[in-house]
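For reference, the chains in residue letters:
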Amino acid sequence: MKILVLNAGSSTQKSCLYDIISPKNINLPPSPLWEATIDWTLNNRYGLLKVEANGEKITHDLSVDNRQTGIKTMLETIIDGKTKVIKKLTDINVVGHRVVHGGNKYSQATIITPEVKAVIKELIPLAPNHNPSHLESIESIEKINKEIPQVAVFDTAFHTTIPDYAKIYPIPYQYYEEGIQRYGFHGISHEYVSQRTAEIIDRPLNSLKLISCHLGNGCSITAIKEGKSINTSMGFTPLEGLMMGTRSGSIDPAIVTYLMRKYGYDGDTIDEILNKKSGLLGISEISGDLRGVLKAMEEGDIKAKLAVDIYINRIQEVISSMLPCLKGLDALVFTAGVGENSPIIREKICEKFDFLGLKLHHKKNSQFCQDTNIATDNSSVKILVVHTQEDWAIAKQCYNIMNSQS
Ligand code: ADP
C-alpha cells in the first residue's frame, strides 16, 4: 500500500511516501521511498524544496509562496526526474495528514469527508497557525484527484481519554461548555513512543505506567497508563505547561491582565510575547534553540544558565505532578530534538528523581542512544530514549484504517 504522509507546519511542509507491503513488523519503521520538505522560513518569500529518494538528493528554490502550488511542484518529483519512485500520482493508495487540532470530536484517525473538513475549519480559531495549512494540503490533493482517499490523524486524538478532572479548567463551567478545556498536543508522538517503549522493554503496553517527555521546539509531557493518555501538560493551546524554545509555558494568568493594563497591550501583542519572545529565548536573550543556549552557558553566560535551570525545573515539576495520577512509574521516556539528543538535559532532569530509585546509566546516557534503556540495571524505573517517528505513526494509522475498510 502506497501511503503519502503530509505534515503541514505553519511555515514548513514535510512529506514522505511509504510502501507498506506486509502488515508484519508494522511497528518497525521502514525507510520511506521518497521524502521531501518545503521550508518557507529560509528564503524570505519563496520556499526551498529538498527531496530525497533513490539515493539522490535534490534542492530547488520554489518560485511560489503558496502551499498548494508548492505541494504540486513537490509531488511532481515523485513521478518525474531522479527522485521518481512511482509512475503516476494515482498509484498512491491513501494520503495521511497530521492535523494539529481535532477538538474533542475525534478520538482516532478519520477518513476525510466534507464534514471532517468543516470541523477542521471550525477549529481554526484554536489552531490559527496550523489548521489552515492542513486544509490547504487536503485541498491540494483533491485538486490532483478527488478519488484518492485522505485520512486525518489528529494530534489531539490521543488525549481524548484524559478524565474530566484533569481536562476541565476551574473557571465558570459555561466556558467548558463553549469548548474551553485541556486538549493536549503532540499526541501522535506520545502514542508512538509509548508503543515503542513497550516493544523495547518487552512488556505489554496495557501493563505500563509511563511518563513521556516530548522535548523539541515545542515541549510537552504526558502521563500514559495502560496505553492511554491520562494527563498532559499542554492545554487549550500548545502554550500551556513546560518552558519551550520561544514559548513561556504556564505562567500566572494575572501577569497577562497586568501587562494589558500597564502597557495597553492587545491580545495579539500578548500572544507574540508569550509564544515568540519567551521561553529559552526570552530568558537567555540569545536563542530559542537549546544548542545555542547550552553553548553560551558553557562559556559562562549567566542568563543562559538561568534559562537552562528554569527549563529543567519546569520539566521536573511537571514530571512530579504526573506521578500521583499514575500511582507509580515503569519508565520515563525522552523523545524529540532535545530529548533524543541532549545527554546533559536528560542527566539534569533525572538527578532529582534519585529518591524514586530512578538511576541513570551515565555512560549509556552520554553515548549515542536511540530506542534504548539508559537506566542502570538496578534502577527501579527504566529511562528510555525513543526516536519519535510521527510520519511513520501516521502511515500506520492510514494502513489500519484502509485495511479495516476493505
Ligand atoms: P520540533 O518541535 O520543531 O519538531 P525538534 O524535535 O526537531 O523540533 O527539536 C528541536 C530542538 O532540539 C531545538 O531546540 C534544538 O536545539 C534541539 N536539539 C537538537 N539537537 C540537539 C542537541 N544535540 N543538543 C541539544 N539540543 C538539541
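Every chain's residues receive numbers from 1 upward, in the order its sequence appears when written. In keeping with the predicted nature of the model, local features appear solely for residues at pLDDT of at least 70, side-chain atom pairs appear and are counted solely at 80 or more, and the whole-chain, interface and lining totals rest on all residues. Hydrogen atoms and water are omitted, and side-chain values are computed over all heavy atoms in the structure.

Draft legend 1. Representation of the overall build of the chain within the structure. Think of it this way: any DSSP run of H or I at least four residues long counts as a helix, any run of E at least two long counts as a strand, and we number them from the N terminus. Looking only at helices and strands, the chain features 15 helices and 14 strands. Restricting the calculation to C-alpha atoms gives the radius of gyration, and the globule rule supplies 2.2 Å times the number of residues raised to the power 0.38. In summary, the chain has a C-alpha radius of gyration of 21 Å against a globular reference of 22 Å for 406 residues, a match within 12%. A buried classification covers 49% of the 406 residues belonging to the chain. The protein chains shown are the only cover counted for residues, whose accessible areas, like all others here, come from Shrake-Rupley with a 1.4 Å probe. For the chain, the exposed area adds up to about 19300 Å²; of that, 50% sits on carbon and sulfur atoms. Counted as positive: Lys and Arg. Counted as negative: Asp and Glu. His and the chain ends are not counted at all. Charge placement uses NZ in Lys and CZ in Arg. For Asp and Glu, CG and CD serve respectively. Seen as two clouds, the 44 positive and the 46 negative side-chain charges of the chain have centres 2 Å apart. Categorising residues by exposure relies on relative accessible area from a 1.4 Å probe, with only protein chains included: less than 20% of the type maximum marks a residue as buried, more than 50% marks it as exposed, and the intermediate range marks it as partly exposed.

Draft legend 2. Main features of the environment of Pro253. Mapped onto the elements, Pro253 comes out in helix α7 (residues 253–263). In this structure the C-alpha to C-alpha distance between Pro253 and Val95, which are 158 residues apart in sequence, comes to 40 Å.

Draft legend 3. The arrangement of the packing of helix α6 (residues 187–201) against helix α15 (residues 390–405) in detail. One way to put it is that α6 packs onto α15 with a least axis distance of 9 Å and a crossing angle of 85°. Between α6 and α15, the angle is such that the two are roughly perpendicular. Two secondary-structure elements touch here, α6 through Ile188, Ser189, Glu191, Tyr192 and Gln195 and α15 through Glu390, Trp392, Ala393, Ile394, Lys396 and Gln397. For this classification, Asp, Glu, Lys and Arg are treated as charged, while Ala, Val, Leu, Ile, Met, Phe, Trp, Tyr, Cys and Pro are nonpolar and the rest, including Gly, are polar. For the contact of α6 with α15, a count of residues per class yields five nonpolar, three polar and three charged. Orientation is described by axes fitted as lines to C-alpha atoms, over the contacting stretch for helices, and by angles from 0 to 180 degrees between their N-to-C directions. These descriptions rest on fixed angle ranges, namely under 35 degrees for roughly parallel, over 145 for roughly antiparallel, 65 to 115 for roughly perpendicular, and the rest for oblique. Residue contacts are counted whenever heavy atoms from the two residues lie within 4.5 Å of one another.

Draft legend 4. Up close: the sheet that holds strand β3 (residues 34–39). Spatially, β5-β4-β3-β2-β1-β6-β8-β7 is the arrangement adopted by the eight strands of the open sheet, whose pairing is mixed. Across the chains shown, the open sheet's two edge strands, defined by having one partner strand only, are β5 (56–61) and β7 (110–111). Note: strand β6 (residues 94–99) against strand β8 (residues 150–154), five bridges, orientation parallel. Along β8, the bridge assignment pairs Val99 with Phe154. Relative to β3, helix α1 (residues 67–79) is tilted by about 155°, and along the sheet it contacts β1 (2–8), β2 (12–19), β3, β4 (48–53) and β5. Helix α2 (residues 114–122) rests against β6, β7 and β8 of the sheet, and its axis sits at about 35° to β8. In this analysis, strands are considered paired if DSSP registers two or more bridges between them.

Draft legend 5. Region of interest: the site of the ligand. Every residue close to the ligand is listed here: Gly216, Asn217, Gly218, Asp289, Leu290, Arg291, Ala336, Gly337, Val338, Asn341 and Ser342. The separation between an oxygen atom of the ligand and a polar main-chain atom of Leu290 is 3.2 Å. In protein, a polar contact means a hydrogen-donor-capable atom and an acceptor-capable atom, both N or O and within 3.5 Å, with residues adjacent in sequence counting only if both atoms are side-chain atoms; elsewhere, any N or O pair within 3.5 Å suffices. Within the backbone of Gly337, an N or O atom sits 2.9 Å from an oxygen atom of the ligand. Isolated, the ligand exposes 580 Å² of accessible area, and the fraction of that covered by the protein chains is 69%. Secondary-structure elements contributing two or more residues to the shell around the ligand are α10 (290–298) and α12 (336–341). Here the shell around the ligand takes four residues from α12, the largest share from any one element. Here the shell around the ligand is built from residues that sort into three nonpolar, six polar and two charged. We call a residue near a molecule or strand whenever a single non-hydrogen atom of that residue lies within 4 Å of it.

Draft legend 6. Main features of the sheet that holds strand β12 (residues 331–335). Pairing is mixed across the open sheet formed by six strands, whose spatial order is β11-β10-β9-β12-β14-β13. The strands lining the two open edges of the sheet, one partner per strand, are β11 (228–232) and β13 (372–373). Along the sheet, helix α11 (residues 302–326) contacts β9 (209–215), β10 (219–225), β11 and β12; its crossing angle with β10, the most-contacted strand, is approximately 15°.

Draft legend 7. Region of the structure containing α15. Expected span of a helix, by definition, is 1.5 Å for each gap between consecutive residues, and there is one gap fewer than residues. Helix length check: α15 (16 residues) gives 23 Å between terminal C-alpha atoms against 22 Å at 1.5 Å per residue, within 8%. Restricting attention to buried positions, one finds in α15 the residues Glu390, Trp392, Ala393, Ile394, Ala395, Lys396, Cys398, Tyr399, Ile401 and Met402.

Draft legend 8. Molecular detail of unusual backbone geometry. Here the phi dihedral of His186 falls at roughly 55°; this positive angle occurs in a residue that is not glycine. Mapped onto the elements of the fold, His186 is located in the loop between α5 (173–177) and α6. The backbone of Ala336 sits at a positive phi, close to 75°, despite the residue not being glycine. Inspection of the secondary structure puts Ala336 in helix α12.

Draft legend 9. Inspection of the packing of α7 against helix α8 (residues 267–276) at higher detail. At a closest axis distance of 11 Å, the pairing of α7 and α8 adopts a crossing angle of 125°. Here α7 lies oblique to α8, going by the angle between them. Helix-helix and strand crossings are classified by hand; for α7 and α8 the assignment is right-handed. On α8, the residues touching Val256, Leu259 and Met260 of α7 are Gly267, Ile270 and Leu274. Counted by class, the contact of α7 with α8 contains five nonpolar, one polar and no charged residues. Left-handed describes a crossing whose near helix is turned anticlockwise from the far helix through less than a right angle; right-handed describes the clockwise counterpart.

Draft legend 10. Up close: a negative patch on the surface. A grouping of Asp266, Asp268, Asp271 and Glu272 is seen on the molecular surface, where their side chains present a negatively charged patch. Structurally, Asp271 can be placed in helix α8. Assessed through its relative accessible area of 44%, Asp271 is described here as partly exposed. Residues enter patches when they are more than 30% accessible in relative terms and free of salt bridges; like-charged ones are connected within 9 Å and nonpolar ones (Val, Leu, Ile, Met, Phe, Trp, Tyr) within 5 Å. The term salt bridge refers to a pairing of a side-chain nitrogen on Lys or Arg with a carboxyl oxygen on Asp or Glu at a separation within 4 Å.

Draft legend 11. Quick look at the pattern of salt bridges. With the rule as written, the count across this model stands at 15 salt bridges. Notably, a salt bridge pairs Asp155 with Arg98, separated by 2.8 Å at the nearest N-O pair. Linking Asp155 in the loop between β8 and α4 (164–167) with Arg98 in strand β6, this pair joins segments that are 57 residues apart in sequence. Accessibility assignment for this pair places Asp155 and Arg98 in one class, buried. The partner of Lys295 in a salt bridge is Glu299, with the nearest N and O atoms 3.2 Å apart. Like Glu299, Lys295 is exposed. Several salt bridges converge on common partners, so that one network encompasses Lys117, Glu139 and Glu142.

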